[in-house]
Every structure is written in C-alpha cells, then in structure tokens.
Amino acid sequence: METRRIRNFSIIAHVDHGKSTLADRLLEVTHTVEDRKMRQQLLDNLELERERGITIKLVPVRMNYRSREGVDYVLNLIDTPGHVDFSYEVSRSLAASDGAVLVVDAAQGVEAQTVANAYLAVDQGLAIIPVINKIDLPSAQPDVVRGEIEEVVGIDASEAILASAKEGKGIGEILEAIVSLVPAPSGRRESPLQALIFDSVYDNYKGVICYVRVFNGVVRTGQAVTFMATGLNYQIEEIGVFRPQMEPVEELGAGEVGYVVANIKSLTEAHVGDTVTDSRAPAQSPLPGYRKIKPVVFCGFYPIEREDYPQLREALEKLQLNDSSLFFEPETSTALGFGFRCGFLGLLHMDIAKERLQREFDVELVATAPNVVYHILRTDGEIQEIHNPADLPEISRVEEIREPLIRITTFVPTDYVGKTMQLCQDRRGAFVSMDYITPERVRLVYDLPLAEFIIDFHDRLKSVTRGYASLDYEQRGFQAADLVKVDVLLNEEPVDAFSFICHRDASYHRGQTVVRKLKELIPRQLFEIPIQAAVGKRVIVRQNVKPLRKDVLAKCYGGDITRKRKLLEKQKEGKKRMKQIGRVSVPQEAFLAFLDVS
Ligand code: GTP
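In this text the structure is predicted, and so the values were computed from the model without any measurement.

1. Notes on the packing of helix 9 (residues 417-426) against helix 10 (residues 450-464)
With their axes 9 Å apart at the nearest point, helix 9 and helix 10 run at an angle of 155 degrees to one another. As judged from the angle between their axes, helix 9 and helix 10 are roughly antiparallel. Crossing of helix 9 over helix 10 shows right-handed handedness. Contacts between helix 9 and helix 10 pair Lys419, Thr420, Leu423 and Cys424 from the former with Phe457, Arg460, Leu461 and Val464 from the latter. Split into classes, the residues belonging to the contact of helix 9 with helix 10 amount to five nonpolar, one polar and two charged.

Shown next as structure tokens:
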C-alpha cells in the first residue's frame, strides 16, 4: 500500500457524545461491514462494553474509501474509550494515529473530557477535525458549541462539521475531511523496520497477538524480528489487518496498522510500547515508547477457594496483557490467605477488571476495599511506598504519611456551583480556580486528596448536580496529611483486609459507619461476634453480632426432622459464598462496606 494513500486516525470525545455511533456509520458508508452483519456499536465487542454502553478497549479497524475525487484510500480507525479511568488507552491510540476526529455533542457542548482528550491529541501534534454531533436533537445549539470549542479547547472550529451520527448526516464530509486534513504517515518503506506495539491480546489458538503501527520499513510473514526493549527474537508467523475481524495479509508497510503473530509464548514478552525491528537489519533506536503509567488505586483480589490461586494468577497475567495499566503482585493476608494486590487507574477500572476476571476467566474472587498508594517518611529518613494499609510501619517509626493529590476539573451549570464547592470542601479539597465558560456554565478546579475521591466522589457529584457536571482529573503528586490507620477487629482479632487509612478527624465517623455496616452484613453465627474499630491500641467503636443457632432450630420444636435438616442445609449453603476469617464467616459484600462511608 502506498503510504500517501493511508490515513490513520482516532475518534475522541467525552463519554456519550456519540463516538461509537459515528464509528458504526463510517464502517457502513465505507462498506467495511456487510449490512446484514452490521449491529449497533460494532466496535464495542467486549460483552461488558455492550452491557454498560461504554468503550473500554481500543479497537483498530481498516476501511477502504474512494474519495469524491475518485482516489482510493485506506483509512485506519482506532476507536478510543471516553471515561477518565481509561485515558491511558486514549493516549496509546493517539500515538498510533496522525489525526483525530473530535466529536462534541451539539446539545451538551464541551465537557471535561472533550478538553482532556483534545489536549492529548494536540500534545501529540495530531491534526484535529472538530465534529459537532447530534444536530438532529431539538436542543442542539451548534453555534454555541462552536464558540465553546474555540474558547475552551482553543482550536479553530469555524469549519467544524455538523453531523448526526444517528441519522447519518455529515458522514461524507467527515470522510473527506479525514483524507484532506489528516496527513499521510511520514515513514519510509525503505528504512529499517520500526513498528510500535500499541496493544496486545491473548488468543487461545494463536497465542499473543500484537497490534502494531508500522512507522518505517516493512514487516513480512517469515521475517526474523527483534523486540527492542526485551531483546528477544521471533519469526513472524502471521500478519494481518482488522476489518474489523482479523484478516491475514502478506506484509504491512510504513504507515500501516495491523497485527503480528510470532509464536510469543510467554505473556510477559510483549510489552505495549515496544518497537519491533528486523533482526538482520535493525533500526538504530526504538520509537519513543509510552509514558509508564502508575496505578493509584489498589485493592486485594483473593480467590474464594484456596485451590484457585494458580488460576487467578494465570487470569491476571492474561488480563494484564490486554490491559497494560493493570498492576499486580502476590500478597498474603492473615485473614484471606494467598492473593494479589492489584493496582488500577481508578475505581471504574478496578470494577471492570474484577468483572472481566470473573466473566472471561471464570474465577471467583473477593475484592478488598480499595485504597490509594501512600508514601511513608520513616524516622530513619527513608521513604517507603505502601500499597496496602496493613503494611504501614509501627507508628513510632513513622515521621509523616503522604497521600496522593489530584486536580479535578468540573464543568458545572451555574445553579449547582455552590453545592459542588461544598462537596469539594467536605472532601478536604483546596480551591484552585473558577471561570465562566458561558453565562450558564462554570469551570471549577480543585485539588483533592485521591483517597477522598475514590470513595464515591463521582457519584456524589452526579447526585448534587443531577448529572449535569462533567469531570476530569490529573495526578498532582503527594502531600503530607494528618492520617491514621484504623484497624477493624472481628471477634477480637484484627482483620488486615479491613484496615484502612483516613484523616484523623474522620476516623471516628468512618470507623462507626464501617462497624455498623459490617454488623448488618455479617450474619448471626453460633457465638457472639464483637466488631471493633481501633486506632492504635484505642478502641473507638464497638458493636456485637448476637449469636444465632439457638434461634434457627428453636422454631422447629425438635419435631420435624426434615425441616430441621433443610434449615441446616440452608445455613451451610449460605456459608459457601462466605469467606472464613478465623471462626467467622464473612459475606463478600462486607469487603466493600468501606465504599459507603460518607
Ligand atoms: P462511550 O463509548 O461510552 O465513550 O460513548 P460514545 O461517545 O461512543 O457514545 P455512543 O456512540 O455510545 O452514543 C451515546 C448515545 O448517544 C447513544 O444512545 C446514541 O444512540 C446517541 N447518539 C449518538 N449519536 C447521535 C446523534 O447524532 N443524534 C442523537 N440524537 N443521538 C445520538
């Protein structure tokens, strides 16, 4: 394929502004997918994405397009997710693209992630094509939105295309704009091979499949290649393109996007961001890889059945291959046994990872309450990073606890500014700035401890603004705070999986809420179970779960043996879904009791 006839682009947008619908229309108009095979949101192929209506994984697809001037082009579209937790996926798609279609909802206007994603594209030097979508809506205000794009995003929107992805309006103009405004890839076929791995998936039959964008040179079947970061050598077995299903081809040249299969056995060998080069005529240097992204939210994943530990490890390894921002390391909990401490970019990311493990890999697991990473300045002057509150050193050895901060940007209708500010202040937020985007909408910026954010900030924000606020955030380093570790004791024994770190002022309130919640969730058992919250040696809250067994059988008056058996069976079954901690059976929900502490 001639490089000058290739266009590589992404579609970026705030959640729900119509990116996936637009992608569907592009596939239809270019006849990439036969009409009878077309179903809604074709690119959202994870079951979970369809259910939740959000895009999680990026999916590349190749289209053929004959322009109005009669020239044939190959367009590679890389769809991207819109949610803030997945911005890592967005930056990876953009690194494989030369242009971006920026979709903005004509009724909603510019939202927090419109700006964040547009900035990512500007930073990468991509050509941006603004599209104002949903002009079919009665509430559409394309002129206002055009003004917002210019004012807030800071790009020229005078030529913004007016479209309705739903009704198929403006699709032709978008395709024409892509071929005329997105530059052709700049690489050369004659240069040594440099192909960027921008994603990888595990396939049961083919093994590891790497998604690549070739920047220079040509990659062919049978070729001996080297992965530059690992130094490992392979022979290419299959090369192909996405239409959107995988279709083998003979070669991929400079500028093309596709996949390679190379008998990569170990799941850890294919690093996203690595450069593939020719073993015999290697490139001098690798392509600039990806910024390593550090997870900020952690939780423990434990198999419900102890024997399932190896299965959970394998599932995590496979998931990580498909989700390189996922982090995990083995950990042992006195309460829960062997498991893994896993790191995520945010709560939604954690939730999705957990569900994917359960659905795609069929492992039953318990997830402990999420916490953020902490930096501990010890009295010996060392800084220790901890991923688990249980790892906090003896308090006498701790000089200072530092927690991660984030800067949040919200776009809020003026009517809700007061409530939003109140919410931020309640969450230990520090005001940064406020400005009017239009007379009706305000951009509000706060610095907030991440720990306060992960609990349920987004939900609270939605509820105080009736869903009208949009949100984006970025990490802002670490800051010392007056934090304490609260231990939770079940039956007088501290349960490491339940301990949490919070601000001293909030420790009583949160301890009380957690204990109350646990009391509700832990079923009565054969003996009385005290539940306590303590800071250091000092117990701050205590409640008891009363014993039960007497009650279960008491109702049977010793007469009806079948009924008695049934009751005991029922009790046993209930136990199966529980995690045994010491003598106490604890239901799974209890581990998430901590999310509800406001
Ligand atoms: P994520 O995948 O979650 O990032 O969202 P998205 O940006 O891909 O949005 P999606 O395509 O899923 O569209 C969101 C909603 O807007 C869906 O209910 C679509 O049917 C609707 N929608 C998309 N385009 C249009 C349009 O042009 N007009 C109208 N009226 N609705 C549209």
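2. Details of the pairing of strand 11 (residues 232-235)
Inspection of the sheet shows strand 10 (residues 224-227) paired to strand 11 by four bridges, in the antiparallel sense. Paired with Phe227 across the two strands is Leu232, which belongs to strand 11. Here strand 10 folds back onto strand 11, and the loop between the two strands holds four residues, one of which, Gly231, carries a positive phi near 75 degrees.

3. Some remarks on the sheet that holds strand 10
Spatial ordering of the open sheet is given by 11-10-16-7-8-15-12-13, a layout of eight strands whose pairing is antiparallel. One side of each edge strand has no neighbouring strand; the edge strands of this open sheet are strand 11 and strand 13 (246-249). Averaged over all pairs of adjacent strands, the angle between their axes in this sheet comes to 40 degrees, without regard to strand direction. Of the pairings in the sheet, the one linking strand 7 (residues 194-203) to strand 16 (residues 275-278) comprises two bridges and is antiparallel in character. Bridge pairing in strand 16 links Leu196 to Thr275.

4. Notes on the side chain of Gln525
Here Gln525 shows up in the loop between helix 11 (504-521) and strand 31 (529-535). A relative accessible area of 10% means that Gln525 is categorised as buried.

5. Points about unusual backbone geometry
With phi around 55 degrees, His31 is a residue other than glycine that occupies positive phi space. Residue position: His31 is located in the loop between helix 1 (19-29) and helix 2 (47-52). A relative accessible area of 66% means that His31 is categorised as exposed.

6. Quick notes on the environment of Pro303
Tracing the chain through its elements places Pro303 in strand 17 (residues 297-303). As a C-alpha pair, Pro303 and Glu148 span 155 residues in sequence and 49 Å in three-dimensional space.

7. Some points on the packing of aromatic side chains
A complete count under the given rule lists twelve aromatic pairs for this structure. Each ring, one from Phe227 and one from Tyr234, has its centre 4.8 Å from the other, and the planes form 55 degrees; the classification is tilted. Tyr234 matches Phe227 in its accessibility class, with the two residues each being buried. Considering the side-chain rings of Phe301 and Phe344, the 5.8 Å spacing of their centres and the 50 degrees angle between planes classify their relative orientation as tilted. Here Phe301, found in strand 17, pairs with Phe344, found in strand 19 (residues 337-344); they are 43 residues apart in sequence, far enough to count as distant. A relative accessible area of 0% places Phe301 in the buried class. By relative accessible area, which is 0% here, Phe344 ends up buried. Site record: aromatic cluster; members linked through ring pairs are Phe198, Tyr211, Phe242 and Tyr259. The lysine or arginine in question, Arg5, covers the ring of Tyr73, its NZ or CZ lying 5.8 Å from the ring centre.

8. With respect to the pattern of salt bridges
As a working rule, side chains carrying opposite charge can pair if their charged atoms are close by. Using the criterion set out here, one finds 29 salt bridges in the structure. The residue Glu238 makes a salt bridge to Lys206 at a minimum N-O spacing of 3.1 Å. A residue pair is termed long-range when its members are at least 10 positions apart, and Glu238 in strand 12 (residues 238-242) and Lys206 in the loop between strand 7 and strand 8 (207-216) qualify at 32 residues. A salt bridge links Asp487 to Lys485; its shortest N-O distance comes to 3.6 Å. Residue Asp487 shares its accessibility class with Lys485, and that shared class is buried. Shared partners join several salt bridges into a network, and the residues in it are Glu403, Arg428, Glu452 and Arg510.

9. Observations concerning the confidence of the model for the chain
When pLDDT is averaged across the chain, the result is 84; 85% of the residues are at 70 or more. Across the assembled chains, the prediction reports ipTM 0.97 with pTM 0.71.

10. A word on the nonpolar core
The biggest cluster of nonpolar side chains holds 31 residues, and the ones touching the most others in it are Leu490, Phe498, Leu518, Ile522, Ile531, Val586 and Phe591. Among the nonpolar cores identified, the runner-up in size contains 30 residues, and Tyr374, Ile376, Leu450 and Ile454 belong to it.

11. As for the environment of Gln525
Between the alpha carbons of Gln525 and Gly70 there is a distance of 77 Å; along the sequence they are 455 residues apart. Side-chain polar atoms of Gln525 contact the backbone oxygen of Ser585, separated by 2.8 Å.

12. Focus: a negative patch on the surface
A contiguous patch of negative charge, built from Glu150, Glu151, Asp156 and Glu159, is present on the exposed surface. Among the secondary structure elements, Glu150 is positioned in helix 5 (residues 142-153).

13. Section: helix 8 (residues 347-360)
With 14 residues, helix 8 should cover 20 Å at 1.5 Å per step; its first-to-last C-alpha distance of 19 Å lies within 8% of that length. Along helix 8, the residues that are buried comprise Leu348, His349, Met350, Ile352, Ala353, Lys354, Arg356 and Leu357. Note on helix 8: the residue one or two positions beyond its end, Asp362, has a positive phi of about 60 degrees.

14. Remarks on the pairing of strand 18 (residues 327-333)
Two elements, strand 18 and strand 19, share seven bridges in a ladder whose sense is antiparallel. Pairing of Pro330 across the sheet is with Phe340, part of strand 19. Following strand 18, the chain reverses through three residues before pairing antiparallel with strand 19.

15. A short note on the packing of helix 1 against helix 6 (residues 171-181)
Where helix 1 contacts helix 6, the two axes come as close as 10 Å, and the packing angle between them is 85 degrees. Between helix 1 and helix 6, the angle falls in the class roughly perpendicular. Here Leu22, Arg25, Leu26 and Val29 of helix 1 come into contact with helix 6, specifically with Ile171, Ile174 and Leu175. The class makeup of the residues in the contact of helix 1 with helix 6 is six nonpolar, no polar and one charged.

16. Side note on a nonpolar patch on the surface
Together, Phe431, Met434 and Tyr436 make up a nonpolar patch on the protein surface, roughly 320 Å² of accessible area in all. Along the chain, Tyr436 turns up in strand 25 (residues 430-438). By relative accessible area, Tyr436 is classed as exposed at 54%.

Rules behind the numbers
- Residues numbered from 1 in each chain as written.
- Predicted model: local features only at pLDDT ≥ 70, side-chain atom pairs only at ≥ 80, totals over all residues.
- Heavy atoms only, no water.
- Axes fitted to C-alpha atoms, helices over the stretch in contact; angles between N-to-C directions.
- Helix = DSSP H or I, 4+ residues; strand = E, 2+ residues; numbered from the N terminus.
- Parallel < 35°, antiparallel > 145°, perpendicular 65-115°, else oblique.
- Left-handed = near helix turned anticlockwise from the far one by under 90°.
- Contact = heavy atoms within 4.5 Å.
- Nonpolar A, V, L, I, M, F, W, Y, C, P; charged D, E, K, R; others polar.
- Pairing = 2+ DSSP bridges.
- Buried < 20%, exposed > 50% of the residue type's maximum accessible area, 1.4 Å probe, protein only.
- Phe/Tyr/Trp six-rings, centres within 6.5 Å; stacked < 30°, edge-to-face > 60°.
- Lys NZ or Arg CZ within 6 Å of the ring centre and 35° of its normal.
- Salt bridge = Lys/Arg side-chain N within 4 Å of Asp/Glu carboxyl O.
- pLDDT = per-residue confidence, 0-100.
- Core = buried A, V, L, I, M, F, W, Y, C linked by side-chain atoms within 4.5 Å.
- Polar contact = N/O pair within 3.5 Å; in protein donor to acceptor, adjacent residues only side chain to side chain.
- Patch = residues over 30% accessible without salt bridge, like charges linked within 9 Å, V, L, I, M, F, W, Y side chains within 5 Å.
- Areas by Shrake-Rupley, 256 points an atom, 1.4 Å probe, with all protein chains shown as cover.
- Lys, Arg positive; Asp, Glu negative; His and termini not counted.
- Charge placed at Lys NZ, Arg CZ, Asp CG, Glu CD.
- Expected span 1.5 Å × (residues − 1).

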